[in-house]
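Listed below, chain by chain, are the residues.
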Amino acid sequence: MKYNPAAFEAKWQKRWEESGIFRVTADTEKAKFYCLEMLPYPSGNIHMGHVRNYSIGDAVSRFKFMKGFNVIHPMGWDAFGLPAENAAKQNKRHPDEWTYANIDKMKGQLKKLGFSYDWSREIATCSPEYYKWEQMIFIKLWEKGLAYKKKSLVNWCPDCETVLANEQVEDGRCWRCSSQVKMKELEQWFLKITDYADELLDFTYRLPGWPEKVLVMQRNWIGKSVGAEVVFRVASSDEEITVFTTRPDTLYGATFMLLAPEHPMAKTLIAGTEYEKGGLDFINETAGQDKADRTDDKKKKGYFTGRCAVNPVTGEDMPIYIANYVLMDYGTGAVMAVPAHDERDFDFARVYGLPVRAVIEPEGGKLDGASMTEAYTGPGKLVNSGELNGMPYDEAKKKIIEILAEKGKARATVNFRLRDWGISRQRYWGAPIPFIYCEKCGTVPVPEKDLPVRLPENVNFGVQGNPLDGAEDFINVKCPKCGGPARRETDTMDTFMESSWYFLRYCSPRNDENIFDKKEADYWMPVDQYIGGVEHAVMHLLYARFYVKVLRDMGYLSFDEPFSNLLTQGMVCKETVKCPNDGWLYPEEVKDGKCVKCGAEAVKGRVEKMSKSKKNVVDPDALNDRYGADTIRLFSLFAAPPENEIEWSQNGVEGCHRFLGRVYRLACQNINYLKTEYPEPAFEGETAKKILRASHAAIKKVTADIERFQLNTAVSAIMEMVNTLYSVGGALETENDKAAFAWSLKALFKLIAPFTPHLAEELWEKAGFAPFVSKAEWPSFNEAYTVSDEINIVVQINGKVRSELRFPRDVSQDEAMEAAFADEKVKNHINGKTVVKKIFVPNKLISIVVK
RNA sequence: GCCCAAGUGGCGGAAUGGUAGACGCAGCAGACUCAAAAUCUGCCGCAGGCGACUGUGUGGGGGUUCGAGUCCCCCCUUGGGCACCA
């Protein structure tokens, strides 16, 4: 009777697969539920983060399935990307071969965990049948003007030899390899995500099923600022400079102007003057720096151009400076500086001795530009502002735009921090961008009948940069328009392109007529529950939302947002150990607290996300061999709420294993009760009542807890139920007791099915029930059984618990009060004092206030 | 600097404004055993007391309330995000 999962887990995995119970088809008669976990990159091995992610998804999916939903639960592979190409360069293995071998291996690992995927819907994003549709959509985007090419300064990673999106630059370093990112000018393909900035932002207020922190991150990323563009004339010239400002109300306080070093006017203004040489030096020094260096330097630096702009309301001259902290890619690259009311401008003014004039005064305060020690950025009324004096600042914002707009010198406008999405990658292992360059016809899309543009197989990977650049057979083509000689685009697409729509492809993964079947997508989409790591809060989730909106506007889809509910699961962490000489250590490299290599004292590091480089990983496969799939799954659900970090605990895993052994023994010891036909148990007799109360309460709590993703407390509710069944197990006297026990055991098998499905199936079979428990109906509970006949009422005196009394349920206020005041302990605490107030909470407590 | 979370036993964590610490881990004791492992049962915030019990306790300080881990204000700490964004 020993719990030995190795004896049956594989059996159930095979039976689920052979019976095809998790294969689904659209059925408009049935309510659907789309449960999706973020698709993995086929690195070669699953890690504990995957296990946790998919265990959460599987519990939800199996629960909904038992609840009667038509559940779609697909899995696939985000198969393009850099590691495959690096493997090709290092090990002379083709990326294709490397990738599919990894997929094979990882698929085997996932299957050994018993997840309820519909494998018939599996996709790999690197297959031509998949990326064909991406290419088709890309051409449509180009036709609609949403995909375009431009020469631009791009973030360039010298090690990966590729362009990075802003989102892929972390602290000025490549998100993949951590090399210092440089700026480089290149012709690149972009998607106009900025056209959708407003809508993407608006909908962050219409996604109640998303965690607030993710929505906030997206809002920050989009970064909408409402303000105005104001045109300034350059003194003694016809030139004009337009600035963007969010504070047009402070225009009277604008005492100088700043230009980004890259601003075209910067060079124009100094051309042929004594400021030219110094100015050019300054521009080269600053503009050449990559963003990281420039933003590292907190010191504001500027260079006077020798020229002035004219303040359109005061008519005063404003010296124009080139400033390092002004960025060309935000706003217009030119700033009207209001030192009195902007911290950065204030610092700059103090360094260069420029005038500070306060134009907004807070209520009850007076500001003096000459003596201010910091900028005032709060609300207030206008001063030193001519006709606008005394006006509240928010009103003045509109008024000043109106006044200048009449003269054509200003307009209200909005600016976004969000940039267009650069999708060109100088890489082999990605979806080819389906365009051809012809000298006569220019940029020509590949005709739809010629799609997909397949990656050529025979290329030389032993080169620096993009292997496709050397693939002459691939590059040299005839122009589809004129038939003349032409060259193929060799850039491939950012891999975020594939993950922006894979959830749509799952709806009809083998469709060869179109990107997906609209009917199928209309039935299955949107995703009801999306689960994945919070590290995708901005990039992936924003791109996918954008993509869906674009497809909607092309008529492919009839909804706005892809993911109704989002759960961001926490990381799986473990303690690290470091040696002062040899760096991170594996646990087996430490003996008696010392490093086995050099004998130095090993230092316990912080608890950090499991990673190979920090040598604190735990291999799911090894755990599976030792404890079985159910134990790993249970631990990753029970150790903490899904959003929290899990700190790895070997003892915790063993505790879970022990619990499953307990369930196994409980079932085996009492299996005969299940093989007997009992009538429906009656809620009578002390033992039967105790059993039924425990099981119905557990059903109630587990059901509610899964719905609200409190999987850890759902598991503990099952543990409580098991504890109760153990406590009465030996004392079943009446037939009704036995009936109640049998009923409860059967319910228990169902309750554990979403969490530990193998064990549930095994016990279900042992009891002689028809397969599968996975398909069985989720148990329901009787509310009346979940409450007890007798209750404790707590007596508080002046807010402190002083006594506890036992009553029949629903005891009346009068009766309870009488008993309370007769209670010895209560009497002692009231003793001689006056009762001021009495409060009665039915079935809970009595609160007495005395003086 | 700005924005968002979160601070509860030795640990992971529970608690619709109503008995703080469910469940698990670790620990302690007992049963079974020649013995050990496994298993089962019990105890387990801190301080004082043989004890019934008393005091105290959810980062700190105020407040609302008969009653606050939970609501409000201020502060501290930690984690996450953004950062010369005009």
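Residues numbered from 1 in each chain as written. Chains lettered and ligands numbered in written order. Predicted model: local features only at pLDDT ≥ 70, side-chain atom pairs only at ≥ 80, totals over all residues. Heavy atoms only, no water.

Draft legend 1. Examining the overall build of chain A more closely. Of the regular secondary structure elements, chain A holds 26 helices and 37 strands. Principal axes of the C-alpha set define a box for chain A whose edges measure 105 × 90 × 70 Å. Relative to its 851 residues, chain A shows a buried fraction of 55%. Long-range pairs, those at least 24 residues apart, make up 72% of the contacts in chain A with a sequence separation of at least 6. (Helix = DSSP H or I, 4+ residues; strand = E, 2+ residues; numbered from the N terminus. Buried < 20%, exposed > 50% of the residue type's maximum accessible area, 1.4 Å probe, protein only. Contact = heavy atoms within 4.5 Å.)

Draft legend 2. Representation of the sheet that holds strand β1 (residues 32-37) within the structure. The strand order across the open sheet formed by four strands is β2-β1-β26-β27, and the pairing between neighbours is parallel. The strands lining the two open edges of the sheet, one partner per strand, are β2 (70-72) and β27 (566-569). Mean inter-strand twist for the sheet, computed between neighbouring axes without regard to direction, equals 15°. Across four bridges, strand β26 (residues 529-533) lies against β27 in parallel orientation. In the sheet register, Y530 faces β27, and the bridge partner there is L566. In this fold helix α2 (residues 48-66) packs onto β1, β2, β26 and β27, with an angle of close to 175° to the strand it touches most, β1. (Pairing = 2+ DSSP bridges. Axes fitted to C-alpha atoms, helices over the stretch in contact; angles between N-to-C directions.)

Draft legend 3. Empty space enclosed by the protein, seen in detail. In the structure shown here, the tally under the stated rule is three cavities of 30 Å³ or more. Taken as a whole, the largest cavity spans an internal volume of roughly 70 Å³. Considering every element that reaches the lining of the largest cavity, the biggest residue donor is α2, with three residues. Of the residues that constitute the lining of the largest cavity, the class distribution is five nonpolar, three polar and two charged. (1 Å grid on protein atoms, 1.4 Å probe; cavity = no way out; pocket = protein on both sides within 12 Å on 5 of 7 lines; lining within 4 Å. Points joined across faces, edges and corners; volume = space filled by probe spheres on them. Nonpolar A, V, L, I, M, F, W, Y, C, P; charged D, E, K, R; others polar.)

Draft legend 4. A look at the side chain of R425. Along the chain, R425 turns up in strand β20 (residues 424-425). We classify R425 as buried; its relative accessible area is 7%. Side-chain polar atoms of R425 contact the backbone oxygen of G422, separated by 3.4 Å. Separated by 3.2 Å, the side chains of R425 and D494 make a polar contact. (Polar contact = N/O pair within 3.5 Å; in protein donor to acceptor, adjacent residues only side chain to side chain.)

Draft legend 5. Up close: the environment of K92. Topologically, K92 is positioned in the loop between α3 (82-91) and α4 (95-111). The exposure class of K92 is exposed, given its relative accessible area of 73%. When the C-alpha atoms of K92 and K594 are compared, they prove to be 40 Å apart, with 502 residues separating the residues in sequence.

Draft legend 6. Focus on the sheet that holds strand β34 (residues 790-797). A sheet is described by the order of its strands in space; here four strands give the open sequence β35-β34-β37-β36, paired in mixed fashion. Lying at the two open borders of the sheet, with one neighbouring strand each, are β35 (800-808) and β36 (835-841). Strand-to-strand twist across the sheet, computed as the mean angle between neighbouring axes with direction ignored, equals 15°. Examined bridge by bridge, β36 and strand β37 (residues 845-850) share six bridges and lie antiparallel to one another.

Draft legend 7. Representation of the confidence of the model for chain A in the model. In the predicted model, chain A carries a mean pLDDT of 91, and the fraction of residues at 70 or more is 97%. Two numbers describe this predicted complex: its pTM, 0.93, and its ipTM, 0.95. (pLDDT = per-residue confidence, 0-100.)

Draft legend 8. Looking closely at the nonpolar core. Counting residues in hydrophobic clusters, the biggest one holds 195 residues, and the most contacted among them are Y34, F138, F503, L748 and F755. Sequence-distant contacts of Y34, defined by excluding residues within four places in its chain, comprise I72, P74, F503, Y506, C507, W524, M525, P526, V527, D528 and Q529. Grouped together as the second largest cluster of nonpolar side chains are 51 residues, L258, V326, M372 and I401 included. (Core = buried A, V, L, I, M, F, W, Y, C linked by side-chain atoms within 4.5 Å.)

Draft legend 9. The arrangement of the pairing of strand β22 (residues 442-445) in detail. Inspection of the sheet shows strand β21 (residues 435-438) paired to β22 by four bridges, in the antiparallel sense. By the bridge assignment, I436 is partnered in β22 with V444.

Draft legend 10. Looking closely at the packing of helix α7 (residues 212-222) against helix α16 (residues 539-553). It is the contact of α7 with α16, at a shortest axis distance of 10 Å, that shows an interaxial angle of 75°. Here α7 lies roughly perpendicular to α16, going by the angle between them. Only L541, L542 and R545 of α16 make contact with α7, whose side of the interface consists of V214, Q218, W221 and I222. Within the contact of α7 with α16, the residues separate by chemical class into five nonpolar, one polar and one charged. (Parallel < 35°, antiparallel > 145°, perpendicular 65-115°, else oblique.)

Draft legend 11. Looking closely at unusual backbone geometry. Put simply, L451 and P452 share a cis peptide bond, and its omega is 0°. Within the fold, P452 resides in the loop between β22 and α13 (472-475). Here the bond from M525 into P526 is cis, since omega is -5°, no more than 30 degrees from zero. Looking at the element boundaries, P526 is found in the loop between α15 (518-524) and β26. Positive phi, normally seen in glycine, also occurs at S236, with a value near 45°. The topology assignment puts S236 in the loop between β10 (224-234) and β11 (240-245). When its relative accessible area of 73% is taken as the criterion, S236 is described as exposed.

Draft legend 12. Layout of the pattern of salt bridges. Taken as a whole and judged by the stated rule, the model has 46 salt bridges. For E199, the salt bridge is made with R552, and the minimal N-O distance between the two is 2.8 Å. Placement of the pair is E199 in helix α6 (residues 197-203) and R552 in helix α16, with a sequence separation of 353 residues. Neither residue differs from the other here; E199 and R552 are each classed as buried. R693 is the partner of D789 in a salt bridge, and the nearest nitrogen-oxygen pair spans 3.8 Å. (Salt bridge = Lys/Arg side-chain N within 4 Å of Asp/Glu carboxyl O.)

Draft legend 13. Geometry of the packing of aromatic side chains. For the coordinates displayed, the defined rule picks out 45 aromatic pairs. An aromatic cluster of three or more residues is present, and its members are F256, Y275, F304, Y321, Y325, F348 and Y352. In this structure, R15 packs its charged tip against the face of W12, placed 4.7 Å from the ring centre. The positively charged end of R545 is found above the aromatic ring belonging to W210, 6.0 Å away from the centroid. (Phe/Tyr/Trp six-rings, centres within 6.5 Å; stacked < 30°, edge-to-face > 60°. Lys NZ or Arg CZ within 6 Å of the ring centre and 35° of its normal.)

Draft legend 14. Examining helix α21 (residues 686-707) more closely. Relative to the 32 Å expected for 22 residues at 1.5 Å per residue, α21 spans 32 Å between its end C-alpha atoms, a close match to the ideal helical length. Where α21 ends, the next residue or the one after it, F709, has phi of about 65°, a positive value. (Expected span 1.5 Å × (residues − 1).)

Draft legend 15. A look at α3. Taken as a whole, α3 has its buried residues at L82, A84, E85, A87 and A88. Buried positions along α3 lie against α4. Once α3 ends, the next one or two residues include K92, with phi positive near 55°.

Draft legend 16. Examining the environment of A760 more closely. One can find A760 in helix α24 (residues 757-766). Residues A760 and K750, spaced ten residues apart in sequence, show a C-alpha to C-alpha distance of 6.9 Å. If near-sequence neighbours (up to four positions away) are discounted, A760 is found in contact with F749, I752, A753 and V773.

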